Amino acid sequence: MNWITKLERKFGRYCIPNLISILIGGQILVYAVELFVNQYISFYLNLDRGALLAGQIWRVITFMFVPFSGGGPLSVVLGIYFTWFIGTALEKEWGDFRFNLYLLLGMLGAVLACLCTGWADTYCLSLSLLLAFAMLYPEVQLLLFFVIPIRVKYFGVFAAVLWVFSFLGASLPGKLDYLLSMLNVWLFFAPMAYRSLRA
């Protein structure tokens with residue numbers, strides 16, 4: 001990760017400390033507004049190519065504050081908590097700059113995917129945090145359903161397999177979306193994987 005070290009030496013002072021807390025605070029606020037004030041708030045914050053090209057530039061940042069809602073309220077709350085738990089651990093392990101860079105690259109990938117395919121969300125970004133956590137802390141145990149202890153590496157393998165199947169089953173624009181949205185994973189971990197395979 002030599003290029004990351006060079007960037008950190010040059011731009012390290014410009015990072016945002018406690019970025020995960022800001023992100024999670026924004027997601028809680030947006031979800032609360034969605035529940036109690038305006039259920040369509042996400043439509044004004046999500047990534048949308050037409051809206052971006054029409055000048056709604058704020059969406060390149062605000063889409064990060066829209067929690068991934070793959071299910072009901074419980075899944076949203078658990079997703080927000082899990083993102084905070086993983087993000088806090090990564091922030092402590094990497095430091096503020098590297099964590100900022102990882103998120104920024106994920107955001108950039110999502111925006112590029114949106115411009116190329118018309119849409120993007122935070123699914124792959126959340127997945128990229130889980131994969132990073134699994135690679136850094138493979139032996140840490142989490143409680144599945146708050147009862148069953150499972151090592152994080154198995155969560156990571158399951159998430160990666162799920163991503164591969166989603167990628168293979170997607171249309172050509174969907175495949176491009178999945179690839180670009182994982183830009184941070186490719187840039188951070190592909191060189192490490194390549195060196196391991198060579199060794």
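Presented here is a report on the structure given in the accompanying data block.

What counts, and at which threshold
- Every chain is numbered independently, its residues counted from 1 as its sequence is written.
- Local features in this predicted model are restricted to residues of pLDDT 70 or higher, and side-chain atom pairs are both shown and tallied only at a pLDDT of 80 or more, whereas totals for entire chains, interfaces and linings draw on every residue.
- Heavy atoms throughout the structure, all of them, feed into the side-chain values; hydrogens and water do not.
- Using a grid of 1 Å spacing that covers the protein atoms alone, one calls a set of points a cavity when a 1.4 Å probe fits there but cannot get out, and a pocket when the set is open and has protein on both sides within 12 Å along at least five of seven lines; lining residues are those with an atom within 4 Å of a point.
- Grid points are joined across faces, edges and corners, and a volume is the space filled by probe spheres set on the points.
- Here a strand is any run of E in DSSP of at least two residues, a helix any run of H or I of at least four, and the numbering for each starts at the N terminus.
- The salt bridge definition used is simple: a Lys or Arg side-chain nitrogen within 4 Å of an Asp or Glu carboxyl oxygen.
- Using a 1.4 Å probe on the protein chains alone, a residue whose accessible area is under 20% of its type maximum counts as buried, one over 50% counts as exposed, and one in between counts as partly exposed.
- Should any heavy atoms of two residues lie within 4.5 Å, those residues are considered in contact.

Some thoughts on the layout of surface pockets
1) Next: Empty space within the second largest pocket amounts to approximately 380 Å³.
2) Next: Along the walls of the second largest pocket sit 17 residues, with Ile 16, Leu 19, Asn 100, Leu 104 and Met 107 positioned nearest its centre.
3) Next: Looking at the lining of the second largest pocket, the elements that each hand over two or more residues are α1 (2-11), α2 (19-36) and α6 (96-117).
4) Next: Tallying contributions element by element places α6 first for the lining of the second largest pocket, with 6 residues.

As for the pattern of salt bridges
1) Next: According to the stated counting rule, one finds 3 salt bridges in the structure shown.
2) Next: With a closest N to O distance of 2.8 Å, Arg 151 and Glu 139 form a salt bridge. Here Arg 151, found in strand β4 (residues 148-151), pairs with Glu 139, found in the loop between α7 (123-136) and β3 (141-144); they are 12 residues apart in sequence, far enough to count as distant.
3) Next: Salt bridges sharing partners connect three or more residues here, namely Glu 139, Arg 151 and Lys 153.

Quick word on unusual backbone geometry
Across the chain, the bulk of peptide bonds are trans and the bulk of non-glycine residues have phi less than zero.
1) Next: Of note in the backbone geometry, Asn 18 takes a positive phi value of approximately 55° without being a glycine.
2) Next: Since its relative accessible area comes to 48%, Asn 18 is described here as partly exposed.

Looking at the environment of Leu 45
1) Next: Mapping Leu 45 onto the fold places it in the loop between α2 and β1 (47-48).
2) Next: For Leu 45, a relative accessible area of 14% puts it in the buried group.
3) Next: Residues Leu 45 and Val 60, 15 residues apart in the sequence, show an inter-C-alpha distance of 8.6 Å.
4) Next: Apart from residues lying up to four places away in sequence, Leu 45 is in contact with Val 30, Arg 59, Thr 62, Phe 63 and Val 66.

Nothing here speaks to function; it is all geometry.
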